[in-house]
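Overview (structure and organization)
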Amino acid sequence: MNVGLLQLHNTADIANNKQRLAEGIIDLAHRGAELIVLQELHNSLYFCQVEDVDLFDLAEPIPGPSTDFYGKLAKDLGVVIVTSLFERRAPGLYHNTAVVMEKDGSIAGKYRKMHIPDDPAYYEKFYFTPGDLGFHPIQTSVGKLGVLVCWDQWYPEAARLMALQGSEMLIYPTAIGYATYDTEEEQQRQREAWTTVMRGHAVANGLPVIAVNRVGFEPDPSGQTEGIQFWGSSFVAGPQGELHYRASDQEEESLVVDIDLKHSENVRRWWPFLRDRRIENYRDITKRFID
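Description of the structure in this document. (Residues numbered from 1 in each chain as written. Predicted model: local features only at pLDDT ≥ 70, side-chain atom pairs only at ≥ 80, totals over all residues. Heavy atoms only, no water.)

This next bit is on helix H4 (residues 184-205). Given a rise of 1.5 Å per residue, 22 residues ought to cover 32 Å, and the 32 Å separating the end C-alpha atoms of H4 matches this to within 8%. Within the sequence span of H4, burial applies to Gln187, Arg191, Trp194, Thr195, Met198, His201, Ala202 and Asn205. Summarising the axial view, the buried residues of H4 lie within an arc of 115 degrees, below the 170-degree limit, and thus occupy one face. Exposed positions of H4 whose direction lies more than 90 degrees from the buried face are Glu185 and Arg189. A positive backbone phi angle near 65 degrees is found at glycine 206, which sits one or two residues after H4. (Helix = DSSP H or I, 4+ residues; strand = E, 2+ residues; numbered from the N terminus. Expected span 1.5 Å × (residues − 1). Buried < 20%, exposed > 50% of the residue type's maximum accessible area, 1.4 Å probe, protein only. Arc of directions from axis to C-beta.)

Here is the structure:
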């Protein structure tokens, strides 16, 4: 299957961001992409650098204007699109939600981000209620998609639960970058750890992994930090962790990668991790910590 990835920078002009996304989606579809994956919260700047109640105005209902917009593109182009939206569920109740648009323009399913970070410049707990839909893959015309979001990518439990329900690939829309006060060595350690942990999920579950991150610098409106340099590096890994492609950490990229889904079957036959799991001994995994 041909998978399209859009790694873009963002501006404060939402209309311009959506226009550039639409142009990129159209181009990827014309280049043969059947599934197109966008980065986390792609319509706007990464607003979680500050805690500001006025920024809740960026949220929208699902279905809503953005699902209409991306749904029309999906239908016109005959592609499946993985979007990432700021969901307004009710007054005072908001989620960071991935929505998958089917080829006919309908909503195939959605996933609400489960793990919510709270770090300097990533004040997501202020904005997002943790997801309540669980870890469930989304059935589409191009396969069963295990869609997770950004901070979820550090948790092997999330990837495993998606795999155990028949996901054919793991997909991570992302917004993560360098803190400018870290040394170059520390920045690279973090970026490599980010890539490595998801390649580990690919190996442990025998599934391809797709991660799409934004790129470019976004200043901190409060001035408390020096902003975020998003590190891009979007990639596609195969079921043995092999890198099919990794994008630049500085430049925008639009790419189509061919994924052989049948290869996962062979890898799982060679390395039958699911067969050899000792599920009767895993009860303690549900504890916060084992004293």
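Strand order in this open sheet of three strands is E11-E14-E13, and the pairing throughout is antiparallel. Every interior strand has two partners, whereas the edge strands, strand E11 (177-179) and strand E13 (215-218), have only one. Going from strand to strand, the sheet's axes swing by 20 degrees on average, the running direction of each strand aside. As defined by bridge partners, E11 adjoins strand E14 (residues 228-231) across three bridges and the pair is classed as antiparallel. Bridging from a neighbouring strand, alanine 179 pairs with isoleucine 228 of E14. In the packing of H4 onto the sheet, the strands contacted are E11 and E14, and the crossing angle to E11 comes to about 150 degrees. (Pairing = 2+ DSSP bridges. Axes fitted to C-alpha atoms, helices over the stretch in contact; angles between N-to-C directions. Contact = heavy atoms within 4.5 Å.)

Quick look at the sheet that holds strand E16 (residues 243-246) now. The strand order across the open sheet formed by six strands is E8-E9-E10-E12-E15-E16, and the pairing between neighbours is mixed. Because the sheet does not close on itself, it has two edges, and the strands there are strand E8 (138-140) and E16. Taking each pair of neighbouring strands and ignoring which way they run, the sheet shows an average axis angle of 20 degrees.

Most of strand E12 (residues 209-213) is tucked away: five of the five residues are buried. The two faces of E12 match: Val209, Ala211 and Asn213 on one face and Ile210 and Val212 on the other face are all buried. Summarising the sheet, strand E10 (residues 169-174) and E12 pair through five bridges and their orientation is parallel. Note on E12: the bridge partner recorded for tyrosine 172 is alanine 211. Examined bridge by bridge, E12 and strand E15 (residues 235-237) share three bridges and lie antiparallel to one another. Residue alanine 211 lies in a different strand from E15, and its bridge partner there is phenylalanine 235.

What follows covers the nonpolar core. It is characteristic of soluble globular proteins that their nonpolar side chains tend to be buried jointly. Of all hydrophobic cores here, the largest spans 60 residues; its most connected members are Leu35, Phe86, Leu145, Ile171 and Ile210. Counting 19 residues, the second-largest nonpolar core is a separate cluster that includes Ala22, Ala29, Tyr70 and Val99. (Core = buried A, V, L, I, M, F, W, Y, C linked by side-chain atoms within 4.5 Å.)

Given two aromatic rings, their pairing is described by the distance between the two centres and the angle made by the two planes. Applying the stated criterion across every chain yields a total of 22 aromatic pairs. Ring plane angle 90 degrees and centroid distance 5.7 Å describe the contact between tryptophan 194 and phenylalanine 235, whose orientation is recorded as edge-to-face. Here the residue tryptophan 194 occupies a position in helix H4, and phenylalanine 235 occupies one in strand E15, the gap between them amounting to 41 residues. Following the ring pairs from residue to residue traces out a cluster consisting of Phe47, Phe56, Phe86, Tyr94, Phe126, Tyr127 and Phe128. Above the ring of phenylalanine 69, the side-chain terminus of lysine 18 is found at 4.7 Å from the ring centroid. In this structure, arginine 214 is placed above the aromatic ring of phenylalanine 230, and the distance from its NZ or CZ to the ring centre is 5.4 Å. (Phe/Tyr/Trp six-rings, centres within 6.5 Å; stacked < 30°, edge-to-face > 60°. Lys NZ or Arg CZ within 6 Å of the ring centre and 35° of its normal.)

Turning our eyes to something else, we now look at unusual backbone geometry. Along the chain, isoleucine 62 connects to proline 63 via a cis peptide bond; the corresponding omega equals 0 degrees. Phi at leucine 41 takes a positive value of approximately 50 degrees, unusual for a residue other than glycine. Among the structural elements, leucine 41 can be located in the loop between strand E2 (35-37) and helix H2 (65-77). In this model, cysteine 150 sits at a positive phi of 40 degrees, which is unusual for a non-glycine residue. Position of cysteine 150 relative to the elements: it lies in the loop between strand E9 (143-147) and helix H3 (156-164).

This part is about the pattern of salt bridges. Enumeration according to the criterion identifies 17 salt bridges in this entry. For arginine 112, the salt bridge identified is with glutamate 87, shortest N-O distance 3.0 Å. Here glutamate 87 lies in strand E3 (residues 80-90) and arginine 112 lies in strand E5 (residues 107-112), a separation of 25 residues in the sequence. Glutamate 87 shares its class with arginine 112; the two are buried. Among the charged side chains, a salt-bridge network with shared partners connects Glu87, Arg89, Lys110, Arg112 and Asp132. (Salt bridge = Lys/Arg side-chain N within 4 Å of Asp/Glu carboxyl O.)

As a further point, take the pairing of E14. When E13 meets E14, the two strands line up antiparallel, connected through four bridges. Each residue of the ladder has a partner; that of valine 215, found in E14, is tryptophan 231.

At a closest axis distance of 10 Å, the pairing of H3 and H4 adopts a crossing angle of 35 degrees. Where H3 crosses over H4, the two elements pack in a sense that is right-handed. Of the residues in H4, those touching H3 at Pro156, Ala159, Arg160 and Ala163 are His201, Ala204 and Asn205. Per-class residue counts for the contact of H3 with H4 are four nonpolar, two polar and one charged. (Left-handed = near helix turned anticlockwise from the far one by under 90°. Nonpolar A, V, L, I, M, F, W, Y, C, P; charged D, E, K, R; others polar.)

On their own, these measurements won't tell you what the molecule is for.
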